[in-house]
Amino acid sequence: MHNVILSEFICTSSDLEMSYTFCDSTAHSFMFNLTPCSTKNKPVWKAALTWIPRSDIHFLKIVFNVWYDGAKAFLWKELLCSGADDEYSLCGMLKGETLDSAFDIKGSRLEFPKGNYSIVVQGFSDDSENNMLICLNFTMIVK
């Protein structure tokens, strides 16, 4: 018996393919979309995110790990919610509430060499990164 990993399709175009899976083996109420589906002319990507967290969000640390053609290329950590004077709308959300957010991703202004990218995004409810709230594994193929 094989475990079936469902891949959520984001977009495909002549120069870009994107999809994601959950890497924490739990079903999430989560949806992510990105436009335009291109890296040409360095667009500012418009992202849409819908998420119903399974626990309250008082503290949230996001960790991005990026691999390019199998080699680790980039690590970035960001504290989004600390419990005091938080600027993001998801901070202070209660379990079961729906986050519906749209934002720009300006990193798309970078030149992306052709190849396969794996981007693992983890959300933790503690600074020591022991209690994972969500884990996503994005696949990006630049053609």
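What comes next is a walk through the structure.

Cut-offs used in this document
Residues numbered from 1 in each chain as written. Predicted model: local features only at pLDDT ≥ 70, side-chain atom pairs only at ≥ 80, totals over all residues. Heavy atoms only, no water. Pairing = 2+ DSSP bridges. Helix = DSSP H or I, 4+ residues; strand = E, 2+ residues; numbered from the N terminus. Axes fitted to C-alpha atoms, helices over the stretch in contact; angles between N-to-C directions. Buried < 20%, exposed > 50% of the residue type's maximum accessible area, 1.4 Å probe, protein only. 1 Å grid on protein atoms, 1.4 Å probe; cavity = no way out; pocket = protein on both sides within 12 Å on 5 of 7 lines; lining within 4 Å. Points joined across faces, edges and corners; volume = space filled by probe spheres on them. Nonpolar A, V, L, I, M, F, W, Y, C, P; charged D, E, K, R; others polar. Salt bridge = Lys/Arg side-chain N within 4 Å of Asp/Glu carboxyl O. Core = buried A, V, L, I, M, F, W, Y, C linked by side-chain atoms within 4.5 Å. Contact = heavy atoms within 4.5 Å. Disulfide = S-S within 2.5 Å.

1. Digging into the sheet that holds strand 9 (residues 132-142)
Here is step 1: Strand order in the open sheet formed by six strands is 1-2-9-8-5-6, with antiparallel pairing between adjacent strands. With one partner strand each, in any of the chains shown, strand 1 (8-12) and strand 6 (71-81) form the two edges of the open sheet. Sheet twist, expressed as the mean angle between neighbouring strand axes with direction ignored, is 15 degrees.
Here is step 2: Sheet topology places strand 8 (residues 115-124) next to strand 9; ten bridges connect them, and they run antiparallel. Bridge assignment links Gly 115 to a residue of strand 9, and that residue is Val 142.

2. Regarding the pairing of strand 3 (residues 29-35)
Here is step 1: Of the two faces of strand 3, only the one carrying Phe 30, Phe 32 and Leu 34 is buried; Ser 29, Met 31, Asn 33 and Thr 35 on the other face are not.
Here is step 2: Two elements, strand 3 and strand 4 (residues 45-52), share seven bridges in a ladder whose sense is antiparallel. By the bridge assignment for strand 4, Phe 32 is matched with Leu 49.

3. With respect to the layout of surface pockets
With a probe scaled to a water molecule rolled over the atoms, the places where space remains empty come into view.
Here is step 1: Reported here for the largest pocket is a volume of approximately 1,300 Å³.
Here is step 2: Lining of the largest pocket is provided by 38 residues; of these, Phe 64, Trp 76, Phe 103, Ile 105 and Val 121 occupy positions nearest its centre.
Here is step 3: Those elements that place two or more of their residues in the lining of the largest pocket are strand 3, strand 4, strand 5 (60-68), strand 6, strand 7 (99-105), strand 8 and strand 9.
Here is step 4: The residue inventory of the lining of the largest pocket, partitioned by class, reads 32 nonpolar, four polar and two charged.

4. A few points about the pattern of salt bridges
Oppositely charged side chains may form a pair once their charged atoms are brought near each other.
Here is step 1: One pass over the full model with this rule turns up five salt bridges.
Here is step 2: Here Lys 61 ties to Asp 127 by a salt bridge, and the two come within 3.2 Å at their closest N and O atoms. With Lys 61 in strand 5 and Asp 127 in the loop between strand 8 and strand 9, this residue pair connects regions lying 66 residues apart in the sequence.
Here is step 3: For Lys 61, a relative accessible area of 11% corresponds to the buried category.
Here is step 4: Look at Asp 127 and you get exposed, because its relative accessible area is 52%.
Here is step 5: A salt bridge links Glu 129 to Lys 77; its shortest N-O distance comes to 3.0 Å. Taken together, the residues span a long stretch of sequence, with Glu 129 in the loop between strand 8 and strand 9 and Lys 77 in strand 6 at a distance of 52 residues.
Here is step 6: Taking relative accessible area as the criterion, Lys 77 reaches 42% and is therefore assigned partly exposed.

5. Here we look at the nonpolar core
Here is step 1: One finds Phe 30 and Phe 32 to be the most contacted residues of the largest nonpolar core, which totals 33 residues.
Here is step 2: Contributing elements (two or more residues each) for this core: strand 1, strand 2 (16-22), strand 3, strand 4, strand 5, strand 6, strand 8 and strand 9.
Here is step 3: Phe 32 has contacts with Ile 10, Tyr 20, Ala 47, Ala 48, Leu 49, Phe 103, Ile 105 and Phe 138, leaving out every residue within four places of it along the chain.

6. As for the state of the cysteines
Here is step 1: Evaluation of the coordinates by the stated rule reveals three disulfides.
Here is step 2: The partner cysteine of Cys 11 in its disulfide is Cys 37, sulfur to sulfur 2.2 Å. Of note, the bridge from Cys 11 to Cys 37 carries an S-S torsion of about 75 degrees and is right-handed in sense. One end of the pair, Cys 11, is in strand 1; the other, Cys 37, is in the loop between strand 3 and strand 4, with 26 residues separating them in the sequence.
Here is step 3: Overall, Cys 11 belongs to the buried group, its relative accessible area being 7%.
Here is step 4: The exposure class of Cys 37 is buried, given its relative accessible area of 15%.
Here is step 5: At a sulfur-sulfur separation of 2.0 Å, the disulfide partner of Cys 81 is Cys 91. Negative torsions about the S-S bond denote left-handed disulfides, and the value of about -80 degrees found for Cys 81 with Cys 91 makes this one left-handed. Taken as a pair, Cys 81 in strand 6 and Cys 91 in the loop between strand 6 and strand 7 lie far apart in primary sequence, ten residues in all. For the residue pair Cys 81 and Cys 91, the accessibility class agrees, reading buried in each case.
Here is step 6: Of note for the protein: the bonded cysteines, numbered N- to C-terminal, pair according to 1-3, 2-6, 4-5.

Nothing here speaks to function; it is geometry throughout.
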